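Overview (structure and organization)
Residue-level listing of the chains:
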Amino acid sequence: MIFNFKFGRRRKAESARASALADLKVGESAVLAELKLSPPVAEHLMNLGFVPGLVVKVLRSGPGGDPRVYRVDGTEIAMRRDLSEHIDVELLGAPAFGD
Amino acid sequence: MATSTMSCHAAAPVNQDRTAYRTVAVVGPPNSGKTTLFNRLTKLRQKVGNFPGVTVEHHTGYVRDANGEEIALVDLPGVYSLSPKSEDEKVAVDVLTGKMPGMPSPDAVIVVLNSTNLHTHLVLAARVITLGIPTLVLLNMADELHKQDGHVDVLSLARELGTPVALVSATTGQGLEAVQNFLSSAAPCPEPLELPVIGSTRGYREWAVRVGTHAGYRRPATPVWTARLDSLFLHRVWGPLIFAVVVIGVFQTIFALGQPLSNLFQKFLDTTGAALGHHLPAGLFQSLIINGVWKGTGSVLVFLPQILLLFLVIGVLEDSGYLSRAAVIADRTMSRVGLNGKSFIPLLSAYACAVPAIMATRTIESKRDRMATILIAPFMTCSARLPVYTMVIAAFLPERRLLGPFLGTRAAAMLGLYVLGFLMAVATARLLKSTILKSKDAPFILEMPPYRWPLPGSLGLRLVDRGKAFLYRAGTIIMLVSLLLWAATNFPMRNGQPPQVQDSVVAKLGQAIEPAIRPLGFDWKIGVGLLTSVAAREVIIATLGTLYGVDPESHAADLQTALHNELTPAGAVALLVFFAFAMQCMSTIAVVRRETNGWKWPALQFAYMTLVAYIAAFAAYHIVGHFIA
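Residues numbered from 1 in each chain as written. Chains lettered and ligands numbered in written order. Predicted model: local features only at pLDDT ≥ 70, side-chain atom pairs only at ≥ 80, totals over all residues.

Tallying secondary structure elements over chain A gives 3 helices and 6 strands in all. Reading the helices (α) and strands (β) of chain A from amino to carboxyl end gives α-β-β-α-β-β-β-α-β. Counting all 99 residues of chain A, 39% fall into the buried class. Sequence separation of at least 24 residues holds for 60% of the intrachain contacts in chain A that already meet a minimum separation of 6. (Helix = DSSP H or I, 4+ residues; strand = E, 2+ residues; numbered from the N terminus. Buried ≥ 20, exposed ≤ 12 C-beta atoms within 10 Å, placed from the backbone. Contact = placed C-beta atoms within 7 Å.)

Listed below in structure tokens is the structure:
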């Protein structure tokens, strides 16, 4: 059941070339697309550098896979899955600006 | 925006006449090295205060300009932005716009940015510059920028921003003469920068990248050592192991080093107190000085070794960058109780003493998580509970083997009390995080700074600062309560002599609360012990010793026998449970008041913990009583 669910999501993601940040593997990079978070949280993340259009890289993961450390424009940020699954990224494509 | 620009220009002629700025605000994002810079500029000439009505603390430091005039530097809380959404940002905006009561409107602003992270940090500079106050932009951490092959052209950036810009390093002191020049120049208001900025954060960010590019900004490479250390400290296996070693080290420092230091200190104060007493004529005055003032001072000072040690250890962990990694490691476990990884070390140190632990919660950025940590910390079994536990357990529980040589009945009972406190802390954390301290909008987001060597000077200043804050702000309350307790045991006077304890005010109070504590199996003598133990939990032993007429120091066994005769076994269990949960500690109350800047939280906490203790002790008394009967 769980396996099916995961498989289904990945296939869908590939066809749309979009995915959640939480679904990237350690070492993978993508372009930030949309922060589907409440305005204060999204604002805070953007102040830290999580601005749509920039490249995000999954640097490493904490024990048990959560939280994970991400890098955007030189800043390294740790966040839990409960946030990163609400951040949309585009898997391929050039960064809109910066980096 | 228009109004602030107007006001500045209306004041321009006055500005040109002036020889110096009076008040200068220092603002910068977290992790910009702002505090290090502030400390470097002002050294020990600092005052700490709270802004009215908020928990945000601020430091004011004093420097002299070229003419020897004194200038007040106000260190604002670390903020990324000036949209007043968080308490910190609202404070920063209010101070910068002169709306903070009791705080003069700043004549100028120093913006401290991290030059290794310019694109993100320039956004704050833009928001400050548009306020129209004379601004100096400092690009800090120049040493790291250059070491990692980064670059920025300061002159072009100054042209782009329309303000003076300097590349500095707060750790090495490089370039800091720019601050002195700026403070002594008292330049008239700059032409307000027409920033082609749209309101959105993304707009600001695009502007920052553009400006950075014009100034030839090249971001430095991530230091190799940071990546290497991270692959060790955040390793799946080694990470948690190293974390465990660090945590045990912190605990050992507080428990095995801080505790004996405090005891030694206490002994010293007792000895000097006794020696001092010989030089005073016996009587009320001698008693006031020795048992009131001196003991009160002692009960404040004994916390200092533990506070300073904990802040030294946490300071090293924080400044080196490891604390953020430790938070990532501990986060998964802490998230189960609704807290985040940053609460781990403060909660652990609460096993030694809640007072330094509560002061250590300031490393937790999220206000709600910090408050929750403060509120549950006193449930952890602190070292002051141990003498009480030991005495009561020894009086009622015969030592028998439970698990061969490994675990006896008494140790098991002690362990049970530790578990009891921990479980109540977990339950309280869950309760808080699902009710008044819901943190839906304050999730776990943590910046990972590169690893750095901690600076001894900066650490030292922080120790002095915390020590002073504790002595002045919490110490006065502890002193006051000590004096009140002294008065309660020394009045009413009989023929100019203090009364026997059983005739004193505190005994009357004990008798007054007896009906309330009778359902827990306690008599008025225990009631007096509960009252005096507010000074510090272990004081109940000395009080009961006096009431039962045995010296607890030389006749510990006699005190246990006396206690055995006075209390039923069910009452003894109730007493242990009460001590496990109740906030019987004025120092904790005082330090919570100091850290939350008001009586609301300590009052709530005291009421909650006393209620929990009462209900649990009541239940324990009746359940145990039922089984024994």
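Note that the residue after Asp66(A), namely Pro67(A), is joined by a cis bond; omega there is -5°. You can see Pro67(A) is positioned in the loop between strand 3 (55-61) and strand 4 (68-72).

Attention now goes to the sheet that holds strand 1 (residues 18-20) of chain A. Here we have 7 strands laid out as an open sheet, ordered 1(A)-6(A)-2(A)-3(A)-4(A)-5(A)-10(B), and antiparallel in their pairing. Looking at strand neighbours, the two that pair on one side only are strand 1 of chain A together with strand 10 (445-447) of chain B, the edges of this open sheet. The average angle at which neighbouring strand axes cross in this sheet is 40°, direction not considered. Pairing between strand 5 (residues 75-79) of chain A and strand 10 of chain B: 3 bridges, direction antiparallel. What sits directly across from Ala78(A), in strand 10 of chain B, is Leu446(B). (Pairing = 2+ DSSP bridges. Axes fitted to C-alpha atoms, helices over the stretch in contact; angles between N-to-C directions.)

Right, let's get into the packing of helix 20 (residues 456-490) of chain B against helix 26 (residues 586-596) of chain B. All names here are of chain B. Viewed as axis vectors pointing N to C, helix 20 and helix 26 meet at an angle of 135°, and their least axial separation amounts to 9 Å. Overall, the two elements helix 20 and helix 26 adopt an arrangement that is oblique. At the point where helix 20 passes helix 26, the crossing takes the right-handed sense. Residues Ala469, Phe470, Arg473, Ala474, Ile477, Ile478 and Val481 of helix 20 lie in contact with helix 26, whose contacting residues are Met586, Ser587, Ala590, Val591, Arg593 and Arg594. Here the contact of helix 20 with helix 26 is built from residues that sort into 9 nonpolar, 1 polar and 3 charged. (Parallel < 35°, antiparallel > 145°, perpendicular 65-115°, else oblique. Left-handed = near helix turned anticlockwise from the far one by under 90°. Nonpolar A, V, L, I, M, F, W, Y, C, P; charged D, E, K, R; others polar.)

Next up on the list: the sheet that holds strand 5 (residues 108-114) of chain B. Residue and element names in this part refer to chain B. Strand order in the open sheet formed by 7 strands is 2-3-4-1-5-6-7, with mixed pairing between adjacent strands. Sheet topology places strand 2 (46-50) and strand 7 (165-167) at the edges, where each strand pairs with a single neighbour. Strand-to-strand twist in this sheet, taken as the mean axis angle between neighbours without regard to direction, amounts to 25°. Across 3 bridges, strand 6 (residues 135-140) lies against strand 7 in parallel orientation. Counted as the bridge partner of Val137 is Val165 from strand 7. On the sheet, helix 5 (residues 118-129) packs against strand 1 (23-27), strand 5 and strand 6 and is oriented at approximately 170° with respect to strand 5.

Our next topic: the confidence of the model for chain B. Predicted coordinates in areas of low pLDDT are best not read in detail. Mean pLDDT over chain B stands at 84; residues scoring 70 or higher make up 92%. Both scores are available for the predicted complex, with the pTM at 0.80 and the ipTM at 0.79. (pLDDT = per-residue confidence, 0-100.)

Our focus in this paragraph is the interface of chain B and chain A. Each partner contributes to the interface: chain B provides 32 residues, whereas chain A provides 31 residues. Looking at the side of chain B that touches chain A, the elements with two or more residues in it are helix 5, helix 9 (201-214), helix 11 (238-278), helix 14 (322-335) and strand 10 of chain B. A breakdown of the residues in the side of chain B that touches chain A according to their chemical character gives 12 nonpolar, 9 polar and 11 charged.

Further remarks concern the environment of Leu432(B). Residue and element names in this part refer to chain B. For Leu432, the position within the fold is in helix 19 (residues 409-434). When the 23 C-beta atoms within 10 Å are taken as the criterion, Leu432 is described as buried. The sequence separation of Leu432 and Leu76 amounts to 356 residues, and the corresponding C-alpha distance is 29 Å. Residues contacting Leu432, with those up to four places away along its chain left out, are Ala372, Leu375 and Leu437.

On to the environment of Tyr70(A), then. All names here are of chain A. Here Tyr70 lies in strand 4. Distance from Tyr70 to Val55, taken between C-alpha atoms, is 10 Å for residues 15 residues apart in sequence. Apart from the residues lying within four places of it in its own chain, the contact partners of Tyr70 are Val56, Lys57, Val58, Leu59, Ile77 and Met79.

Here we come to the environment of Leu471(B). One can find Leu471(B) in helix 20. When the C-alpha positions of Leu471(B) and Val591(B) are compared, they lie 10.0 Å apart, and in sequence the two are 120 residues distant.

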